[in-house]
Amino acid sequence: TAAGDRILVAHFTPKEYTVAASVDPAGVGTVNGGGTVRHGDTVKVTATASTGYTFVNWTEGPTQVSTDASYSFTASGDRTLVAHFSLNQYTVGVSADPAAGGTVSGGGAVNHGDVVTVVATANTGYTFVNWTENGTQVSTDATYSFTAAGSRTLAAHFTPLPQPLAHNAR
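Everything numeric in this text was worked out from a predicted model, so none of it was measured.

Criteria and cut-off values
- Residues numbered from 1 in each chain as written.
- Predicted model: local features only at pLDDT ≥ 70, side-chain atom pairs only at ≥ 80, totals over all residues.
- Heavy atoms only, no water.
- Core = buried A, V, L, I, M, F, W, Y, C linked by side-chain atoms within 4.5 Å.
- Buried < 20%, exposed > 50% of the residue type's maximum accessible area, 1.4 Å probe, protein only.
- Helix = DSSP H or I, 4+ residues; strand = E, 2+ residues; numbered from the N terminus.
- Phe/Tyr/Trp six-rings, centres within 6.5 Å; stacked < 30°, edge-to-face > 60°.
- Lys NZ or Arg CZ within 6 Å of the ring centre and 35° of its normal.

Engineer: Give a description of the nonpolar core that names residues and reports values.
Structural biologist: In terms of nonpolar packing, the biggest core is built from 16 residues, with Val19, Trp58, Leu81 and Phe85 touching the most fellow members. For this core, the secondary-structure elements that each account for two or more residues are β1 (16-24), β4 (42-49), β5 (53-60), β7 (70-74) and β8 (79-87). Ranked by size, the runner-up nonpolar core spans 14 residues in total, among them Val116, Val118, Tyr144 and Ala148.

Engineer: Report on the packing of aromatic side chains, specifying residues and quantitative values.
Structural biologist: When we look at a pair of aromatic rings, we describe it by the centre distance and by the angle of the planes. This structure, assessed with the given rule, holds six aromatic pairs. Ring geometry for phenylalanine 55 versus tryptophan 58: centroids 6.2 Å apart, planes at 55°, classification tilted. By the burial criterion, phenylalanine 55 is buried, and tryptophan 58 matches it. Each ring, one from phenylalanine 128 and one from phenylalanine 158, has its centre 6.0 Å from the other, and the planes form 75°; the classification is edge-to-face. Here the residue phenylalanine 128 occupies a position in strand β13 (residues 126-133), and phenylalanine 158 occupies one in strand β16 (residues 152-160), the gap between them amounting to 30 residues. For the pair formed by phenylalanine 128 and phenylalanine 158, the shared burial category is buried. Taken together, the ring pairs in this structure connect Phe55, Trp58 and Phe85 into an aromatic cluster. In this structure, arginine 79 is placed above the aromatic ring of phenylalanine 73, and the distance from its NZ or CZ to the ring centre is 4.4 Å. If you follow arginine 152 out to its NZ or CZ, it ends over the ring of phenylalanine 146, 4.4 Å from the centre.

Structure representation (structure tokens):
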């Protein structure tokens, strides 16, 4: 009921929303950002891959919303974002030096963390010397195993066996 002049002030507060961010598959990366935000805020979520994984994209439900590891947007409602990562794949190339010295096996496409075994088999008249990568010796064992952490180019080196001296019959 009006009983005189009054000055009334309406107070408003921005709506608050929840921005949830998670990782898929679990344990292969981390996400930062999100939480409780206010309507109109600029929100930034950041995905960081664990060693051996690569960031792929952000999705919300079945929809891809960004392929950038750092994704910014203006808050206008609750969001549930998922950062997707993929396991790194590498190529292990193997070769024989000289080619006539022997055969090699075990190269090809591998996943990060796989145990890779490459094998050098000397041809008749040759012996295995070593495995090298970019001119640096990495093993003197014909069967060389390592854990994949990147692409590699390995060369198996062979050397000819000494030839027996011929005897002259007199």
